[in-house]
Each structure stands twice: as structure tokens, then as C-alpha cells.
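Read off the chains here:
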There are 2 protein chains.
Amino acid sequence: MSTSVTLLAGGVGGARLAHGLARALPDGGAPGTHGGLTCVVNVGDDTERHGLHVAPDLDTVMYTLAGLNDEERGWGLTGESYATLSQLERLGEDTWFTLGDKDLATHVVRTARLREGQPLSTVTAGLTASLGVAARLLPVTDDAVRTRITTPSGELEFQEYFVRRRHADAVLDLTFDGIDAARPAPGVLDALHGADLLVVAPSNPFLSVEPVLGVPGVREAVRAGGPRRVAVSPIVGGKALKGPAAQVLESLGHDVSALGVARLYTGLVDVMVIDTADADLAGAIEDLGFEVLVTDTVMGGPAGRERLARELLALA
Amino acid sequence: MSTSVTLLAGGVGGARLAHGLARALPDGGAPGTHGGLTCVVNVGDDTERHGLHVAPDLDTVMYTLAGLNDEERGWGLTGESYATLSQLERLGEDTWFTLGDKDLATHVVRTARLREGQPLSTVTAGLTASLGVAARLLPVTDDAVRTRITTPSGELEFQEYFVRRRHADAVLDLTFDGIDAARPAPGVLDALHGADLLVVAPSNPFLSVEPVLGVPGVREAVRAGGPRRVAVSPIVGGKALKGPAAQVLESLGHDVSALGVARLYTGLVDVMVIDTADADLAGAIEDLGFEVLVTDTVMGGPAGRERLARELLALA
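How each quantity is defined
Residues numbered from 1 in each chain as written. Chains lettered and ligands numbered in written order. Predicted model: local features only at pLDDT ≥ 70, side-chain atom pairs only at ≥ 80, totals over all residues. Heavy atoms only, no water. Salt bridge = Lys/Arg side-chain N within 4 Å of Asp/Glu carboxyl O. Buried < 20%, exposed > 50% of the residue type's maximum accessible area, 1.4 Å probe, protein only. Least-squares fit on C-alpha atoms with pLDDT ≥ 70 in both. Helix = DSSP H or I, 4+ residues; strand = E, 2+ residues; numbered from the N terminus. Contact = heavy atoms within 4.5 Å. Axes fitted to C-alpha atoms, helices over the stretch in contact; angles between N-to-C directions. Parallel < 35°, antiparallel > 145°, perpendicular 65-115°, else oblique. Left-handed = near helix turned anticlockwise from the far one by under 90°. Nonpolar A, V, L, I, M, F, W, Y, C, P; charged D, E, K, R; others polar. Pairing = 2+ DSSP bridges. Arc of directions from axis to C-beta.

## Quick notes on the pattern of salt bridges
Residue and element names in this part refer to chain B.
Thinking step 1. Taken as a whole and assessed by the stated rule, the structure comprises 34 salt bridges over all chains.
Thinking step 2. A salt bridge links Asp169 to Arg165; the nearest nitrogen and oxygen atoms lie 2.9 Å apart.
Thinking step 3. Using a relative accessible area of 33% as the deciding quantity, one classes Arg165 as partly exposed.

## Topic: the relation of the copies chain A and chain B
Thinking step 1. Mapping chain A onto chain B calls for a rotation angle of 180° and an axial translation of 0.0 Å; the resulting RMSD is 0.0 Å. Both copies are brought into coincidence by an operation consistent with a two-fold rotation axis. Among all residues of chain A, the minimum C-alpha distance to the rotation axis is found for A:Asp101, at 3.4 Å.

## Here's the deal with the environment of B:Thr95
Residues and elements named next belong to chain B.
Thinking step 1. Among the secondary structure elements, Thr95 is positioned in the loop between α3 (83-90) and α4 (101-115).
Thinking step 2. Separated by 69 residues in sequence, Thr95 and Arg164 place their C-alpha atoms 9.7 Å apart.
Thinking step 3. Filtering out sequence-adjacent residues up to four positions away, Thr95 remains in contact with His50, Leu85, Leu88 and Glu89.

## Quick word on the packing of helix α1 (residues 12-24) of chain A against helix α2 (residues 56-65) of chain A
All names here are of chain A.
Thinking step 1. At a minimum axis distance of 8 Å, the contact between α1 and α2 shows a crossing angle of 30°. Regarding the angle of α1 to α2, the classification is roughly parallel. The hand of the α1/α2 crossing is right-handed. Residues Val12, Ala15, Arg16, Ala18, His19 and Ala22 of α1 pack against Thr60, Val61, Thr64 and Leu65 of α2.
Thinking step 2. Split into classes, the residues belonging to the contact of α1 with α2 amount to six nonpolar, three polar and one charged.

## A closer look at the sheet that holds strand β14 (residues 291-295) of chain B
Residues and elements named next belong to chain B.
Thinking step 1. Strand order in the open sheet formed by seven strands is β5-β2-β1-β9-β10-β13-β14, with parallel pairing between adjacent strands. Of all strands in the sheet, those with a lone pairing partner are β5 (136-139) and β14, marking the two edges. Within this sheet the neighbouring strands show an average axis-to-axis angle of 20°, counted without direction.
Thinking step 2. Here strand β10 (residues 228-232) runs beside strand β13 (residues 271-275); their pairing, made up of three bridges, is parallel. Within β13, the position partnered with Val232 by the bridge is Val273.
Thinking step 3. Sheet strands in contact with helix α8 (residues 205-213) are β1 (4-9), β2 (36-41) and β9 (197-200), and its direction is about 120° off that of β1.

## Here we look at helix α3 (residues 83-90) of chain A
Thinking step 1. All of the buried residues in α3(A) are A:Thr84, A:Leu85, A:Gln87 and A:Leu88. When α3(A) is viewed along its axis, its buried side chains cluster within an angular range of 165° and face the same direction.
Thinking step 2. Against α4 (101-115) of chain A together with α3 and α4 of chain B lie the buried residues of α3(A).
Thinking step 3. Directly beyond the C-terminal end of α3(A), a positive phi value near 95° is found at A:Gly92.

What follows is the structure in C-alpha cells.
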């Protein structure tokens, strides 16, 4: 298969599909004359903890592609220990954001290299190379974009909403601080324009995909983009497989269904990929102007991810 | 006992005597109307590792006072693990400077608070309070002082000389970058002027004590200082108990003996404390104008440290 694939991704859903695509493509998706995989990843959930720059979505995709992620928990590394975190707590730090000892090395190195003046995309390239990730990982931007959530209890920093308060608050509004001034990271626009297949991952449309599309130039590049553009619905049978996508769609006044997701992606992609559980919505989604692929979109393990990836690649 | 004690300290020797003094004084040396213990600590061996500010001497004294230090090894914390360090290595970092997972928390917090604008002395006060250290720990200065070692192989950063090359190089010269512009940290001069007993720890005279004395105002304050000023020789029987004090004295042209150390401290302290093994040098040291206390200066465990501390306190 000789295909250039560009994936727009948030955290877990994006990481799993990235993993499937990397398995389905030659050389683990390494860029080359035969194509390859580029993941353009959300940075709106990046945060500073204990003075360290933490990039949860980039890391989830990176760890998953490296085969190091904790599959059961969905985030962080396997075989983690928490010696530093307990000591941080003893030293008076707020430790509701769980950082494992191995994970911490990523943040320490990232922070040091950013402070030395490397842009986030360069730092990310160095980290992925060290971990043996073949596919290309790009933060959507090297500039700071920070997602803020308006809830009935007030405005919250993203991780405050997501981790500390376990995304239990209704989401009344979203802002992406810094997004209007952000520039796509080097390689992002080329990856969008040059892709044979452009995939919007089954990530949260508002919390993960929107802060990627909102970086000036990105949405336009997707709209103008490659021969085939597909999106995988993160809503299956009216529920999110992981995270607060269902609540967010609902509280922002959208249908909590693959159809509701399709409406958000009208004009952006050509093909909506929905789960067999939602086969009855195929007609309504086609009526919006999409092609529809109905398949098993619940990516259990690596084999399931690869199967879904191969079905997407067949669309190219 | 109602005594204000100020200890000038480097790493291990300073830490052990600090521990003895804290045990011998009321309330673990907590400052109060009854006196207390203030440790004025070298920062010339501070270094930046992986973008984090590491202060080895401050930490050795802090961990020892907190009862958390690895007694056998002489540095770092007991029960350490190294998960972050191995991951740092995997990410391409140079890891010859060993940092344990718990120890790392100290450096992460210190770095974050320094970057927030807290001076090192304030950060140190926060860390020692969190670890339950009663005595007061002061970096000699909040400004950057960096010891550099001239060796036959060229000039080396201190930890490069000390840790990476295991202090095997001959020391031809020493410089303390930044020392001329450094100001004593808040509280340092008061602690020197107000002390009932001023103690120079059995630390390396050139590598540990000199970068403390060299901060403008400190040597003068010691010279003008309290009713009783004593120094404990780090050389016992012609050898250093720990570290390269013997080699450094020798390569800089000094006698490798308690007498050689006494010559360095002429005019600075009133009493030289030497080991029973060096009793034969007492006369020669007295001839230099010192009082001499001959006792067991090899501080084995906590009890030995406390015994030595009580003998010093009896001098006040």
C-alpha cells in the first residue's frame, strides 16, 4: 500500500487509530516515497504541572505508537511507579494530576528543550525518535493554545475540568486561548494538502478536534484537502466510547449520535465512518451529503485498530 | 543549653555535623529565643541537570537533617528508585549525574519555584519546612556562584570534575564564577554576627568552605564574628574522611594534615578541633595562635555526631 495518510487526533481515540494506521502502513507509517503516516495532534490540553510542560494528547499518541501506553487505563505508560509524585506531595505540591516516574522524564526533557529554545515540533520529533516511533507526530502548532471550559461553576483550565473534576461539569462554552495568533507547526499544512487520505480521528469534536481545526489555516487546508477525507464518529450507539464527548455534545445543544457528529463535519470530510450499531443513521447522514462507511469502529486491541485502519485505507 | 550556632557547611561532613548539632540543641536546633542552629551552605556545586536546578550540598544537609539521607552512600535519599533516570536515558539524556525519583521531586519543585521568582533561600525554607527540618538552612547566597576546576585536562564544571570524573584529576586552580557579584542571602550576615558559636564544618576547605567565605561580606563577618569560632579539620591522620580534600590540598601545595588545614584558617577561627589521631600536631597548631581541641572527630552514626556537637557547644 502506498498512501500518505494524515490523521487529526486528540488523545485516546486518536492514539488508537494512529496505532492501527501505523500497523497497516509499510514501515510502521514511517514517512518516505511510499507515503507514510502524519499525526497532527491537539495541544489545547497542554498544561504546566510543577513547572513542567505536559502535553497529554501528544504523549498519549506517542506512547501508544511506541507500544508503551497503559492500554487498560488509557493514558500514561505501562509499569509506572509514582515515587516522584509522592515526594512532590510531601513537598507541598498539588498532585491531583497524576504523573508517573517514567512519564515525568518526558515532561522534564520536553521542558528543558523548550527552554533551550527548541520549538515543540522539534522536541516532539526528538522524543518520538528516541522511543522508536516511525510515524510522524506533529503538534498542530508550536504556539501556546489553551482550552478553557465555561461551566456552571465558572471558567476552568482544561485539565482542571478534565482530570481534577473528572469532566463532570456541564460544558456551556469553550475558548481556545491563543488560537487566533497560533500558526500551524512546520509540516502541518503540507501534510494536510499532500495527504492521499485525511482522517479525522474518533476524538472529541469540541475538546480535541476543534482546537486542531481552529488553528488559522488548518480548517481551510482540510476543506481544500486531499482526494479523500474521512471522519470516524466518536459516538457509538448514542454514547462516547471514552471521555465526555456525549455530555459535551448534549450540553452544547447537539444530537448525541453519529448523526450529530456528522452535522458538525459537514463540508469538512467526504466520508463518515460509523459503527454497525448506528447503521440506522446511515441514510440520514447520506442525506447530509456524506458517503457513509458502516463498520465495527470499536477498536479493542491492536488487531481491531489495524482492521479499521485497513478499511479506511481502502477508501483512499 | 541556650546557644545560637552558625555552621558553615559543604556536603557530607557539614551535613553530619549539622545533624549532631541539631540533635544536641533544644527543639532540633529550631530558631527561637533560646538560640538555634543556622547552616550556611555552599552553592558553588549547584548545577543544572535536564533543565532542573540541583543543589547537592543544600540537599545533603537538608536530607541528613530530615533523617532521609542514604547514610551508607553518603548522598541522596534512602529507598530511592531510578525509574525517571532510566527513562531520561532512553530519551537521549546524559545520565552520569545520578538522580533518584524522590530526589528529583526536590529539583522539580526548586526549579519551578525559582522560575516563579522565589529566591533560593525562600525555596530552601519551603523545602525544609515540608520535610520537617527544624534548623534553619541558608544558601550562602541567592545569586549564582559556580565552582570551576582547572585540571591538567582543562577547566571543568564542578560536577563534571566531582561526579563524572570521580574527582580523579589534579586540581591546579579553582574559580568561583559569579562570586564577586554575589550577595549574602538574607539572614546570612546576621547569623554570622549573632552566633554564640561559629563552626566551620569538616568540609573541603577549597571546594566547600572557600566558596562560602568568598561571598563578599562573609569572610569579614566570620573574622569579626561571635565570641567563639571553631573549625573541625576534615583531614584525619593525613587523609580525608570523604572526598578529594587530601588531593586538593596536596595539588595546591598545602600540607595534607590538620596542621595544613589550620594554616588555611589562621585569623578566621579561634579553636581548631582535630582528631586524636593527630594529637601530635596540637603543639604546632597552638604555635599558629589557635586553641586546640583534640577529640574523636570521626562521626560514625548519629550518636557520634551528637557527641562531637556537644563538645563543640561546650566551647561556647
